[in-house]
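# Structural description and commentary
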Amino acid sequence: MLLWVAGAAIGILVAFILIFKYTKTGKNDVIGFSSKCPKCGQVTNGLKCSKCEPNLKDWR
Ligand SMILES: [Zn+2]
């Protein structure tokens with residue numbers, strides 16, 4: 001019974017976060033895991049942005 005309540009609470013929390021991200025980021029980022037940098041718009045494929053993260057080791 002307690003496990004069911006915890007699962008429901010987590011489900012509601014995840015839905016709330018997704019809705020919050022959707023309303024915050026806009027229509028281009030539906031899930032929240034955008035392949036582009038939210039700051040400069042460069043395509044990063046989910047990785048850190050090379051422009052906004054200058055401390056990357058594999059700098060090309
Ligand atoms: Zn960036």
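That block above? That's the structure.
Reference entry: report on the structure contained in this document. Within every chain, residues take consecutive numbers counted from 1 along the sequence as written. The model is predicted, so local features are restricted to residues of pLDDT at least 70 and side-chain atom pairs to those at 80 or more, both for listing and for counting; the totals for chains, interfaces and linings are taken over all residues.

Helix numbering and strand numbering both begin at the N terminus, where a helix is a DSSP run of H or I of at least 4 residues and a strand a DSSP run of E of at least 2. The secondary structure content of the chain amounts to one helix and zero strands. Taken across its 60 residues, the chain has 0% of its residues classed as buried. Between the buried cut of 20 or more and the exposed cut of 12 or fewer other C-beta atoms within 10 Å of a residue's own C-beta lies the partly exposed class, and all C-beta atoms are placed from the backbone.

Moving on, we get to the environment of Cys 37. If you trace the backbone, Cys 37 turns up in the segment after helix 1 (2-25). Considering only alpha carbons, one finds Cys 37 and Cys 49, 12 residues apart in sequence, at a separation of 6.0 Å. We call two residues in contact if the C-beta atoms placed from their backbones are at most 7 Å apart. Contact partners of Cys 37, with chain neighbours within four places excluded, come to Gln 42, Thr 44, Cys 49, Lys 51 and Cys 52.

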